[in-house]
Amino acid sequence: MVLRPEVLAKLSFFNELDYETLDYLARHSQHYDAIPEQVIFLQGEASKGLYLVESGWLKGSKITESGREQVLRYFGPGETINEVSLFLDIANPATLIVLEASSVWLIPRETVLGLMETNPKVMRGITRNLAKRLLYVVNLVEDLSLLPLEARLAKFLLEHAEDSIFERRRWATQAELAARLGTVPDVLHRVLRSFSEAGLIEVQRQQIFILDKVALQDKTKLS
C-alpha cells in the first residue's frame, strides 16, 4: 500500500510543499492496518517518527503503574501524532492505542528531519502545529487542575457537539470518557444523570442531546 501525496497535502505540516517533495515523503512512509486495542507505540519506547491518521480513531494516554489511565487526546483522520519527539529525540511521552479499525502511516524521523533542514516550509508547518498542541495541553492541564468534573463534562460536550448533538462512537463508552475527563465511570455516570434530571441533556445509546445550551454553558464557569 502506498501513501498518496494528496493525503499529505491536506495537512498543515505539508500543505505548502510541491508535489515532488510530497511524493518523496509518501514513498518513505510505512503503513499500519491497525485493529481496535492494538498498541502502536508504548510510553517510554524510542520514537520512530511522525504518525499520520488516514482513517479511524486512536488515543494518546498516560497510564500509571497501578493501571489508572488519563486520556490526553483523541486522534482522528488527518491528524498527526508525536511531533515533539522529532525535535527532542526523546522516548514516546505517551502510549498510542487504537480505538477502531484505522489506517495509520509512519514517516520516519530521519526523513522528516532531513526535509526540515532543507525546506523552511516544513519547519514552519511543524512549528505551527506544535504551538497548537502546546495550547491544547495547557488548556487540558488547566481543566483537570482547576475545574470540577461537572464543568469539565459540560465543556467537553459543548466543544464536541455538532448542532447540539454529541455523537458517541462505538468506543466512546463511559469508561473511555471518564478516562478522558480524569475521573472514574461511576462518578461520571452520576454527573450525567444529574445533568439529565436537570433537563440539560438527554442521554441515548449513541448520542447525547444538549437540551439547554445556556444552562450547560453556565456549568463550565468556575464558582
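Just so we're clear, the structure is a prediction, and the values are computed from it rather than from any experiment. (Residues numbered from 1 in each chain as written. Predicted model: local features only at pLDDT ≥ 70, side-chain atom pairs only at ≥ 80, totals over all residues. Heavy atoms only, no water.)

Draft legend 1. Quick peek at helix α4 (residues 109-118). Of the residues making up α4, those classed as buried are Arg109, Thr111, Val112, Leu115 and Met116. Along the axis of α4, the buried positions cluster into a sector of 165 degrees, meaning they face one direction only. Looking at α4, the residues exposed on the side facing more than 90 degrees away from the buried face are Glu110, Glu117 and Thr118. Buried residues along α4 sit against α2 (19-27), β3 (49-55), α3 (84-88), β8 (102-108) and α5 (120-146). (Buried < 20%, exposed > 50% of the residue type's maximum accessible area, 1.4 Å probe, protein only. Helix = DSSP H or I, 4+ residues; strand = E, 2+ residues; numbered from the N terminus. Arc of directions from axis to C-beta. Contact = heavy atoms within 4.5 Å.)

Draft legend 2. Here's a closer look at the packing of helix α7 (residues 174-181) against helix α8 (residues 185-197). Following both chains from N to C, one finds α7 and α8 inclined at 95 degrees, their axes separated by 9 Å at the closest point. Judged by the angle between their axes, α7 and α8 are roughly perpendicular. Contacts from Gln174, Ala175, Leu177, Ala178 and Leu181 in α7 reach Pro185, Leu188, His189 and Leu192 in α8. Broken down by class, the residue content of the contact of α7 with α8 amounts to 7 nonpolar, 2 polar and no charged. (Axes fitted to C-alpha atoms, helices over the stretch in contact; angles between N-to-C directions. Parallel < 35°, antiparallel > 145°, perpendicular 65-115°, else oblique. Nonpolar A, V, L, I, M, F, W, Y, C, P; charged D, E, K, R; others polar.)

Draft legend 3. View of the sheet that holds β3. If you walk across this open sheet you meet the 4 strands as β1-β8-β3-β6, and the pairing is antiparallel. With one partner strand each, in any of the chains shown, β1 (30-34) and β6 (80-81) form the two edges of the open sheet. Note that β1 and β8 share 5 bridges and pair antiparallel. Paired with Asp33 across the two strands is Ser103, which belongs to β8. The sheet contacts of α4 involve β3 and β8, and relative to β8 the element is tilted by about 60 degrees. (Pairing = 2+ DSSP bridges.)

Draft legend 4. Layout of α2. Restricting attention to buried positions, one finds in α2 the residues Thr21, Leu22, Leu25 and Ala26. Seen end-on, α2 carries its buried residues on one side only, within an arc spanning 140 degrees. Seen from the buried face of α2, the exposed residues on the opposite side, beyond 90 degrees, are Tyr19, Glu20 and Arg27. In this structure, the buried side of α2 is in contact with α1 (5-9), β8 and α4.

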